[in-house]
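Chain residues, written in single-letter form:
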Amino acid sequence: MKVKTIRIIPILFVIVFILGFCQNKGQEQMKRGLATGGPCDSLATAETKALYYNLKELAKTEVLFGHQDDLAYGVKWWDEPGRSDVKETSGSYPAVYGWEIGNIAGERNLDSVSFAKMKEWIREGYERGGVISISWHEHNPVTGGNAWDTSGRAVSHILQGGSHHEQWKQKLDLVADFMLSLKGSHGELIPVVFRPYHELTGSWFWWGKDLCTSDEFIELWQFTKDYLTSVKNVHNLLYAYSTDVFDSEEYYLERYPGNKYVDVLGFDDYRTVSSLESADKTINELHLIADLGERLNKIPAWTETGLVSIPVADWWTGTILKRIKNDSLTRQIAWVLVWRNARPDHHYAPYAGQKSAADFKKFRDDERILFEDELPELYK
Ligand code: BMA
């Protein structure tokens, strides 16, 4: 008996130590910054604050539907005033408009959308009451290649003291100019959910997991927010942190820049929505994000998803809606956004006559899902 006890004591000691270590690590990740009640930019404009509180409140009962580049083009059309594949199939514009500012130094973004036109479309969507979200597939700042060029350890070179820091600041200056040029009809700045350095847990973009350390990533994020707010006086942004697929809180938070730097807890997941078998993986993500949102006092969101060219006729109700409505936690996300309708072989929302169009209408009619024409006032 005694011999056994003597053997067990060190084993118990090791277990307690490991558990303590894991718990501390989690707490440390969450504590990078104090939890705040409002947006992480304490000087956020009144409309930006209103958007933050309204999205947080609305998420308890509704899920907004979003689409990338919705007003700029669709399958087989480009830049036609008023058009939207989502509107043509559902009867309403989406509630969330995703836009993209990669190639911010140019006249057009990386997908050839004119920045001048984008500003008009952003204003149009905002004036109708929609939410604006902006991602940033910026070119590799060291090699000049595109966002998928992972050579050059770019993050390390754009941090303070790095060889390309000044150049990166110039890019941020352009981002600031763009954000500050977005104005509503009363001259107010249009609030934007800014979603830089997304899918950071993958390694396909130059800011990805294998291309920089956690500390470097966190420093880049913190510098970006501090520079935009304190140096450039940009106060119309909510900051969205978006990982790729994840299966635990620890993995999700590994590069979390802190509560003072994030408003929206997002994730991009295209992978688990392509088969019915992976429902439990999506549901697990939705559970984790809702639970974290509650504890960290942040807005949980499904920042990107989609099934390319939607070959499954009932994908909207059979896959997406079913998972979102699985239980009281899964339905806590503020929005779900599908990617762009670029071509017949690269689109994520239906267009008139597309195989899933009828089911998309059913999805739109669900009481949990909100399109633009059902939105309450979000900016007051
Ligand atoms: C990707 C694809 C690319 C596009 C990029 C940025 O998912 O749609 O064609 O350039 O997003 O919008």
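Scroll up a little and you will see the structure.
Below is a short write-up of the structure. (Residues numbered from 1 in each chain as written. Predicted model: local features only at pLDDT ≥ 70, side-chain atom pairs only at ≥ 80, totals over all residues. Heavy atoms only, no water.)

All residues adjacent to the ligand are Leu110, Asp111, His137, Trp148, Trp339, Arg340 and His346. Within the side chain of Trp339, one N or O atom sits 3.1 Å away from an oxygen atom of the ligand. Here an oxygen atom of the ligand sits 2.7 Å away from a polar atom, N or O, in the side chain of Arg340. Isolated, the ligand exposes 310 Å² of accessible area, and the fraction of that covered by the protein chains is 76%. Broken down by class, the residue content of the shell around the ligand amounts to three nonpolar, two polar and two charged. (Near = heavy atom within 4 Å. Polar contact = N/O pair within 3.5 Å; in protein donor to acceptor, adjacent residues only side chain to side chain. Areas by Shrake-Rupley, 256 points an atom, 1.4 Å probe, with all protein chains shown as cover. Nonpolar A, V, L, I, M, F, W, Y, C, P; charged D, E, K, R; others polar.)

Inspection of the entire model under this criterion finds 35 aromatic pairs. Aromatic side chains Tyr241 and Tyr252 sit 5.3 Å apart centroid to centroid with 85° between the ring planes, which places their arrangement in the edge-to-face category. In this pair, Tyr241 sits in strand S7 (residues 237–243) while Tyr252 sits in helix H8 (residues 249–253), placing the two residues 11 residues apart along the sequence. We note that Tyr241, like Tyr252, is buried. One Lys or Arg, Arg128, reaches over the ring of Tyr93 and ends 3.6 Å from the middle of that ring. (Phe/Tyr/Trp six-rings, centres within 6.5 Å; stacked < 30°, edge-to-face > 60°. Helix = DSSP H or I, 4+ residues; strand = E, 2+ residues; numbered from the N terminus. Buried < 20%, exposed > 50% of the residue type's maximum accessible area, 1.4 Å probe, protein only. Lys NZ or Arg CZ within 6 Å of the ring centre and 35° of its normal.)

With that settled, consider the environment of Glu138. Note on placement: Glu138 falls in the loop between strand S5 (131–135) and helix H5 (154–158). Counting along the chain gives 153 residues from Glu138 to Asp291, while the straight-line C-alpha distance between them is 31 Å. Filtering out sequence-adjacent residues up to four positions away, Glu138 remains in contact with Ile101, Gly102, Asn103, Ile104, Ala147, Trp168, Lys171, Trp206 and Trp207. Within the local environment of Glu138, its side chain forms a polar contact with the backbone nitrogen of Asn103, the two atoms lying 3.2 Å apart. (Contact = heavy atoms within 4.5 Å.)

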